[in-house]
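Residues per chain are reported as follows:
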Amino acid sequence: MKQDMIVILDLGSSRNTDIARQIRDMGVYSEIHPHDITIEELKKLENVKGIVLNGGENRVVDGAAVDIDPALYGCGYPMMAVDHPTAKCERILKELPDESALRAFVFDVCKAQANWNMKNFIADQVELIRRQVGDRKVLLALSGGVDSSVVAAMLIKAIGKQLVCVHVNHGLMRKNESESVIQVFKDQLHANLIYVDAAERFLGKLEGVADPEEKRKIIGSEFIRVFEEEARKLEGIDFLGQGTIYPDIIESGTKTAKMVKSHHNVGGLPEDLKFELVEPLKQLFKDEVRACGVELGLPEGMVYRQPFPGPGLGVRCLGAITRDRLEAVRESDAILREEFARAGLDKKVWQYFTVVPDFKSVGVKDNARCFDYMVIIRAINTVDAMSASVERVDWDVLGRITDRILSEVGNVNRVCFDMSPKPPATIEFE
Ligand code: XMP
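Residues numbered from 1 in each chain as written. Predicted model: local features only at pLDDT ≥ 70, side-chain atom pairs only at ≥ 80, totals over all residues. Heavy atoms only, no water.

Visitor: Honestly, the state of the cysteines in this entry has me stumped. Any pointers?
Guide: Put plainly, two cysteines are in a disulfide when a covalent bond ties their sulfur atoms together. Considering all chains together, one arrives at zero disulfides under this definition. Cys89 takes part in no disulfide bond, and the closest cysteine sulfur, belonging to Cys75, lies 11 Å away. The exposure class of Cys89 is buried, given its relative accessible area of 12%. No disulfide involves Cys317; its sulfur sits 16 Å from that of Cys416, the nearest cysteine. The class for Cys317 is buried, based on a relative accessible area of 0%. (Disulfide = S-S within 2.5 Å. Buried < 20%, exposed > 50% of the residue type's maximum accessible area, 1.4 Å probe, protein only.)

Visitor: Whenever I open this one, the sheet that holds strand β10 (residues 192-197) confuses me. Can you help?
Guide: In a beta sheet, neighbouring strands are held together by backbone hydrogen bonds and run either parallel or antiparallel to one another. An order of β10-β9-β8-β11-β12 is seen for the five strands of this open sheet, with the pairing classed as parallel. Lying at the two open borders of the sheet, with one neighbouring strand each, are β10 and β12 (276-278). Each neighbouring strand pair of the sheet contributes to a mean axis angle of 30 degrees, computed without reference to strand direction. In this sheet, strand β11 (residues 237-241) lies alongside strand β8 (residues 137-141) in parallel orientation, the contact comprising four bridges. By the bridge assignment, Leu140 is partnered in β11 with Gly241. Where helix α5 (residues 118-133) meets the sheet, its contacts fall on β8, β11 and β12, and the angle it forms with β12 comes to roughly 165 degrees. The strands that helix α6 (residues 146-159) touches are β8, β9 (163-169), β11 and β12; relative to β8, the one it contacts most, it runs at about 160 degrees. (Pairing = 2+ DSSP bridges. Helix = DSSP H or I, 4+ residues; strand = E, 2+ residues; numbered from the N terminus. Axes fitted to C-alpha atoms, helices over the stretch in contact; angles between N-to-C directions. Contact = heavy atoms within 4.5 Å.)

Visitor: Is there a simple way to explain the site of the ligand in this structure?
Guide: Every residue near the ligand is listed here: Arg216, Pro309, Gly310, Pro311, Trp350, Gln351, Lys422, Thr426, Ile427 and Glu428. Here Ile427 contributes a backbone N or O atom positioned 2.7 Å from an oxygen atom of the ligand. Contact between the ligand and Glu428: an oxygen atom at 2.5 Å from a side-chain N or O atom of the residue. Coverage of the ligand by the protein chains reaches 72% of its 500 Å² of free accessible surface. Classifying every residue of the shell around the ligand by side-chain character gives four nonpolar, three polar and three charged. (Near = heavy atom within 4 Å. Polar contact = N/O pair within 3.5 Å; in protein donor to acceptor, adjacent residues only side chain to side chain. Areas by Shrake-Rupley, 256 points an atom, 1.4 Å probe, with all protein chains shown as cover. Nonpolar A, V, L, I, M, F, W, Y, C, P; charged D, E, K, R; others polar.)

Visitor: Please clarify how the sheet that holds strand β2 (residues 29-34) should be interpreted in this entry.
Guide: Pairing in this open sheet of five strands is parallel, and the strands run β2-β1-β3-β6-β7 from one edge to the other. Of all the strands in the sheet, the pair left with one neighbour each is β2 and β7 (91-93). The average undirected angle you get between the axes of adjacent strands in this sheet is 20 degrees. Across the sheet, helix α1 (residues 16-25) lies against β1 (5-11), β2 and β3 (48-55), angled at about 160 degrees from β2, the strand it touches most. On top of the sheet, helix α4 (residues 99-109) reaches β1, β3, β6 (79-82) and β7; it is set at about 155 degrees to β6, its chief contact.

Structure representation (structure tokens):
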């Protein structure tokens with residue numbers, strides 16, 4: 001392994017990630033592990049230079065205070081304890097260490113080298129993947145989102161054609177999205193890529209379904225079904241690659257912290273399709289995943305793209321999806337993205353998209369009354385998607401986008417701009 005590591009053991013702190021980030025910012029790799037890690041598991045993590053026992057407000061679980069396996073205290077690693085009553089450590093602190101205390105521990109006590117960078121991270125992960133997979137095969141659902149794309153690029157680097165990627169086009173992708181997945185992964189990276197055009201199948205299942213949650217459920221379960229059918233056609237696959245990243249693990253709950261939301265990244269496949277997981281990004285934060293993608297040679301447009309919901313344009317074509325309105329969402333979204341890029345807003349605004357409601361309004365075209373759809377533009381900024389504010393888009397830019405939508409997109413006679421912050425509005429409309 002190329003990089004030294006400081007291990008943070010989670011003894012009930014909600015601030016494990018703060019320490020991990022601080023240590024990584026010092027140039028030293030750091031991983032967070034549960035408090036009940038065994039000595040054997042710890043020894044398997046090579047190059048561990050020291051351990052931070054990180055206690056906190058969730059220290060008591062089911063009425064008992066959590067502690068590490070006592071054998072770990074005698075295993076020779078330098079240890080620092082934060083808000084964790086024990087006398088067996090080099091340093092015991094009541095609160096999170098300030099930078100100089102952490103620096104002193106990492107560099108003077110643990111003697112760690114500042115050798116954490118993306119090149120070394122990738123080299124280490126490639127070695128770990130090769131060790132885990134050997135000459136066997138890995139299956140990956142490649143949506144084209146940031147996380148699955150970066151995992152794919154990492155796996156291609158590690159095991160090449162032993163990776164089988166399946167890209168399911170559910171018909172709710174943005175304009176040219178599937179084409180760009182094929183172009184980057186098949187043509188440039190020579191991936192073993194299976195393309196499944198399931199658009200008709202999804203639109204058929206969604207016909208007449210207006211309830212947003214029902215739509216989400218259908219899209220999610222149909223996706224798993226299509227992927228499962230493809231998996232069954234393949235032989236000799238032992239592993240499933242996944243783009244799990246560190247925030248997914250935190251949100252799904254740790255041994256000392258409650259679940260924020262369930263994660264659909266994991267699971268969903270039937271019992272008899274049992275795969276071992278390969279998750280090379282599971283220790284990375286989102287910005288690190290992007291840096292990793294750039295280092296692996298993925299195009300910037302793919303790595304720095306705005307968030308896009310799993311159910312895709314399906315939740316932006318409001319109510320029961322129809323083909324004409326879905327087309328209007330897709331075309332207006334493409335125009336919005338083009339014009340935002342031209343105005344330099346694509347790198348500034350956190351998320352921007354269009355929606356088309358399921359009602360018509362009166363207008364006039366070619367001197368005649370028309371009855372057509374409306375496109376609503378949404379452009380918001382946020383840090384964590386929990387609350388969001390509206391981007392004050394320049395009037396001229398909005399004017400250009402409106403002109404283009406009205407002249408280039410069929411069945412539309414009106415364009416609106418959504419001024420609502422979150423709360424009370426959510427970012428998406430459904
Ligand atoms: P809301 O609408 O809840 O959105 O304010 C917050 C963020 O989550 C995204 N979003 C989704 N992402 N599946 C996803 O993968 C979904 O069903 C989904 N719904 C909302 C939304 O785009 C925004 O970034």
